[in-house]
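# An overview of the molecular structure
The chain contents come next:
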Amino acid sequence: MTSEGGPRANPLVRMGNFFFRYRDALFTAVLLTLFLLFRPQYPRGNEHFDNRLDLIGIGVALIGQLLRVAVIGHAYIIRGGSNRRVYAKNLVTEGFFAHSRNPLYLGNLLVLLGLFLIWNNPWVYLLGGVFFLLGYAAIVAAEEVYLRGKFGSAYDAYARAVPRWLPSTRGLGRSLAGMRFNWRRVVVKEYTSMYTWMAGAVVLLAADTLAYHTYQERATYLNTLVACFILLTIGWATARYLKKSHRLRSAPV
């Protein structure tokens, strides 16, 4: 429907199409702005609690990444669109998509939450939470309009059977039975996004430390973070080389 009163006229849908088109640059800019404007804080002013919160943040982000790896490894769905517009060649309903309509976006939100926990500033929680929840809700609204328009009753039946966000684990084993995990596709599709948030987390951990201590006071810890950053960069460069040299290819989507 494209009439003035149709779904595409919905402000949330229009916002979703805008976010979808510019999300890479816009989402990155918002993240950097939040981290630059607001200083990290120790919970209750206690460095020991902050260290625990850092570990929790890393754990939450890793859960989000593992979810993305599991989804992409079993059944991939094109989320990049076509010409920066919402697009889908097929209606993907197998694998994890049989239990959540947006498991990849759910993984993204968990990664973001993990980064917010590492930085631990109430304004980052508030402003970042509102922005990214609204952003992904808008993108999903735009995608649903597109999918409903292209696949009609098939998408309606799928939407009625599968939750939009929080996955249902009932029958997950049956959904994955017989599906071969494609690790090559995971590396090819995920190496840049995985590197970006992991390297970003290392930078946040270093900045968090330097906000309250000098380099000399935490030299060993900071040097370890530098080593982690270098190893992550080497891993990213290796994956990129293997992809660009065609030594590593994913199976057809």
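Below you will find a few notes about this structure. What you see is a predicted model, and the numbers here were worked out from it, not measured in a lab.

## Topic: the side chain of Glu-144
Looking at the element boundaries, Glu-144 is found in helix H4 (residues 122-151). Residue Glu-144 is classed as buried on the basis of its relative accessible area of 10%. Looking at Glu-144, its side chain comes within polar contact range of the side chain of Arg-101, at 2.7 Å. Those residues in contact with Glu-144 that lie beyond four places of it in its chain are Arg-101, Tyr-155 and Arg-164.

## Re the pattern of salt bridges
According to the stated counting rule, one finds five salt bridges in the structure shown. Close ionic contact of Arg-218 with Glu-47 constitutes a salt bridge, the shortest N to O distance being 2.9 Å. Of this pair, Arg-218 sits in the loop between helix H7 (183-210) and helix H8 (219-244) while Glu-47 sits in helix H2 (residues 47-74), placing them 171 residues apart in sequence. Classification of Arg-218 as partly exposed rests on a relative accessible area of 26%. Between Glu-144 and Arg-101 there is a salt bridge, with its nearest N and O atoms 2.7 Å apart. Taken together, the residues span a long stretch of sequence, with Glu-144 in helix H4 and Arg-101 in the loop between H2 and helix H3 (103-119) at a distance of 43 residues. Judged by relative accessible area, which is 10%, Arg-101 ranks as buried. Each of Arg-101, Glu-144 and Arg-164 takes part in salt bridges that share partners, so that together they form one network.

## Thoughts on the nonpolar core
Phe-35, Phe-97, Leu-115, Val-124 and Phe-132 are the most contacted members of the largest nonpolar core, which totals 53 residues. Contributions of two or more residues to this core are made by helix H1 (11-37), H2, H3, H4, helix H5 (153-161), H7 and H8. Looking at which element gives the most residues to this core, the answer is H3, with ten residues. With residues near it in sequence (within four places) discarded, Phe-132 still touches Phe-27, Val-30, Leu-31, Leu-109, Leu-112 and Phe-116.

Reading the values: rules and limits
- Along each chain, the written sequence defines residue order, and numbers are assigned to residues from 1.
- Predicted model: local features are reported for residues with pLDDT of at least 70 only, side-chain atom pairs are reported and counted for 80 or more only, and whole-chain, interface and lining totals are derived from all residues.
- Side-chain measures here rest on the full set of heavy atoms in the structure, leaving out hydrogens and waters.
- Where helices and strands are cited, they refer to DSSP runs of H or I of at least four residues and of E of at least two residues respectively, numbered from the N terminus.
- Burial classes follow relative accessibility: with a 1.4 Å probe on protein chains only, a residue under 20% of its type's maximum area counts as buried, one over 50% as exposed, and anything between as partly exposed.
- We call two N or O atoms a polar contact when they sit within 3.5 Å, provided that within protein one can donate a hydrogen and the other can accept it, with sequence-adjacent residues counted only if both atoms are side-chain atoms.
- Note on contacts: a residue pair qualifies if any of its non-hydrogen atoms lie within 4.5 Å across the two residues.
- Put simply, a salt bridge is a Lys or Arg side-chain nitrogen that is within 4 Å of an Asp or Glu carboxyl oxygen.
- To define a nonpolar core, start from buried Ala, Val, Leu, Ile, Met, Phe, Trp, Tyr and Cys residues and group those joined through side-chain atoms within 4.5 Å.

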